[in-house]
Amino acid sequence: MKNSQREPKTKKTSSNNALPILLGAHMSIAGGVPTAVERAKRIGCTTMQMFVKNNNQWRGKPLTVEDASTYKKLLSESRIGPVVVHDTYLINLCAVNKDILQKSRIALKDEMDRCEMLGVEYLNFYPGAHMGAGEEDGIKRIAESLNLIHDQTKGYRVKSVLETTAGQGTAIGYRFEQLREIIDLVEQRDRMAVCVDTCHVFVAGYDIVTEKGYQQTFEEFDAIIGLDRLVAFHVNDSKREIGSRVDRHEHIGKGYIGKKGFSFLMNDPRFVNIPKILETPKGEDMKEDMMNMRVLRELVKDGERQRLKKYR
Ligand code: MN
Ligand code: MN
């Protein structure tokens, strides 16, 4: 009888079309932050990611109160949310160069201010690259950076979201253990969360392509980090092989993860309420996003068909 208590409100046999899939993509902010919401709406996103400033400059134009209120109004009129913000690529929270480290800390704090002003739930960033200083050293410095930034942003609601990395170069975060160590060293631990990038974990060596490997990967995640910290997925296929540690995103179903790999994730009842966001190559008309979202939605329908077969 345990199962019936946890039964979702919709009947097993009901059409799957009504199932709310939290699916979206990284949206451009060309023309201002509010335009990201308009773009996401146009292609039927139910969640989205964006930058909140130019992604390859240390300093961005300040966010105006007007921008923030327009953004909030548009978002409240949409069915989009939660929203994830991706930080600028220049930030390295464990940079060895003192000047870069200082700039990184100021820049991430600025990103946090912007998120708070917009009411954004999640600020996603890479843990950092140790630049030869070693992983232990890097992990300590990342936590130190986060402690300093959190101290300056007490009471903020936006979560600090560590993204799993591919482990290119000296990047930290390609093992769940490394993320765990960072979280353990952070004082305001309730502010910490994790985003799993499917391309990154795959090339980092986690087999999410076979059913057994997929289950093991998330069992490990749960044992080491805890599934309660998992707040977002970046859904990207991979141009490169498992374990290659080379980060090249591919359209869904056209890379080494493949449709089968994504079907496990898309049909996992534990992750129904977790945003799934595309970071795949795209043009201005976003037709690639629409294509990739269609492929992912179809996988849910296929999965549902498989489940229904089992009941017969
Ligand atoms: Mn990513
Ligand atoms: Mn990547």
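Worth saying up front: this structure is predicted, and the values here are computed from it rather than measured. (Residues numbered from 1 in each chain as written. Chains lettered and ligands numbered in written order. Predicted model: local features only at pLDDT ≥ 70, side-chain atom pairs only at ≥ 80, totals over all residues. Heavy atoms only, no water.)

A.B. asks: Help me out: how do you make sense of the coordination of the manganese ion (ligand 2) in this one?
C.D. replies: Metal coordination angles in their ideal form are 109.5 degrees for the four-donor tetrahedron and 90 or 180 degrees for the six-donor octahedron. The manganese ion (ligand 2) binds to the protein through His200 (NE2), Asp247 (OD), Asp247 (OD) and His249 (NE2), with metal-donor distances spanning 2.1 to 2.6 Å. Linear spacing of the donor residues for the manganese ion (ligand 2) on their chain is H-x46-D-x1-H. The distance between the manganese ion (ligand 2) and the manganese ion (ligand 1) comes to 4.6 Å. A residue pair is termed long-range when its members are at least 10 positions apart, and His200 in helix H7 (residues 198–203) and Asp247 in the loop between strand S10 (237–238) and strand S11 (249–250) qualify at 47 residues. Classification of His200 as buried rests on a relative accessible area of 2%. (Donors = N, O, S within 2.8 Å, 3.2 Å for Na, K, Ca; no water. Helix = DSSP H or I, 4+ residues; strand = E, 2+ residues; numbered from the N terminus. Buried < 20%, exposed > 50% of the residue type's maximum accessible area, 1.4 Å probe, protein only.)

A.B. asks: Help me out: how do you make sense of the packing of helix H2 (residues 34–42) against helix H3 (residues 65–77) in this one?
C.D. replies: The geometry of a pair of packed helices is captured by two quantities: the angle between their axes and the separation between those axes. The geometry of H2 relative to H3 is characterised by a closest axis approach of 8 Å and an angle of 20 degrees between their N-to-C directions. Our classification of the angle between H2 and H3 gives roughly parallel. The handedness of the crossing between H2 and H3 is left-handed. Between H2 and H3, the contacting residues are Pro34, Val37, Glu38 and Lys41 on the first element and Asp67, Thr70, Tyr71, Leu74, Leu75 and Glu77 on the second. (Axes fitted to C-alpha atoms, helices over the stretch in contact; angles between N-to-C directions. Parallel < 35°, antiparallel > 145°, perpendicular 65-115°, else oblique. Left-handed = near helix turned anticlockwise from the far one by under 90°. Contact = heavy atoms within 4.5 Å.)

A.B. asks: Got a minute to help me understand the coordination of the manganese ion (ligand 1) in this structure?
C.D. replies: For the manganese ion (ligand 1), the full set of protein donor atoms is Glu163 (OE), Asp197 (OD), His234 (ND1) and Glu279 (OE), and the range of their distances to it is 2.0 to 2.3 Å. Counting gaps between the donor residues of the manganese ion (ligand 1) yields the pattern E-x33-D-x36-H-x44-E. Since its relative accessible area comes to 0%, Glu163 is described here as buried. Using a relative accessible area of 0% as the deciding quantity, one classes Asp197 as buried.

A.B. asks: What is the right way to look at the nonpolar core in this model?
C.D. replies: Considering soluble globular proteins, one finds that nonpolar side chains tend to be buried as a cluster. In this structure, Met48, Met50, Tyr71 and Leu146 are the most contacted members of the largest nonpolar core, which totals 81 residues. Setting aside anything within four residues of it in sequence, one finds Leu146 in contact with Leu93, Leu108, Phe125, Leu162, Ile182, Val186 and Met192. Counting residues in each nonpolar core, the second largest holds 8 residues, with Val84, Tyr122, Val231 and Ala232 among its members. (Core = buried A, V, L, I, M, F, W, Y, C linked by side-chain atoms within 4.5 Å.)

A.B. asks: When you look at the side chain of Arg105 in this model, what are you seeing that I'm missing?
C.D. replies: Assignment of secondary structure puts Arg105 in helix H4 (residues 98–118). Residue class for Arg105 comes out buried when judged on its relative accessible area of 12%. If sequence neighbours within four positions are ignored, Arg105 has contacts with Arg141, Glu144, Ser145, Leu148 and Ile149.

A.B. asks: Whenever I open this one, the side chain of Thr165 confuses me. Can you help?
C.D. replies: Secondary-structure assignment places Thr165 in the loop between strand S6 (159–163) and strand S7 (171–172). Reaching out from Thr165, the side chain makes a polar contact with the backbone oxygen of Ile172 at a distance of 3.3 Å. In contact with Thr165, not counting residues within four places along its chain, are Tyr126, Pro127, Ala171, Ile172, Gly173, Tyr174, His200 and Ala204. (Polar contact = N/O pair within 3.5 Å; in protein donor to acceptor, adjacent residues only side chain to side chain.)

A.B. asks: Is there a simple way to explain the pairing of strand S3 (residues 83–86) in this structure?
C.D. replies: Remark: a regular strand shows side chains that alternate across the two faces of the sheet. Taking every second residue as pointing to the same face, both faces of S3 are buried, with Val83 and Val85 on one and Val84 and His86 on the other. Pairing of strand S2 (residues 48–50) with S3 involves 3 bridges; the strand directions are parallel. Each residue of the ladder has a partner; that of Met48, found in S3, is Val83. Remark: the S2/H3/S3 crossover connection has right-handed handedness. With 3 bridges connecting them, S3 and strand S4 (residues 122–125) associate as parallel partners. Its bridge partner being in S4, His86 is matched across the sheet by Asn124. (Pairing = 2+ DSSP bridges. Right-handed = clockwise from strand over helix to strand, strands pointing away.)

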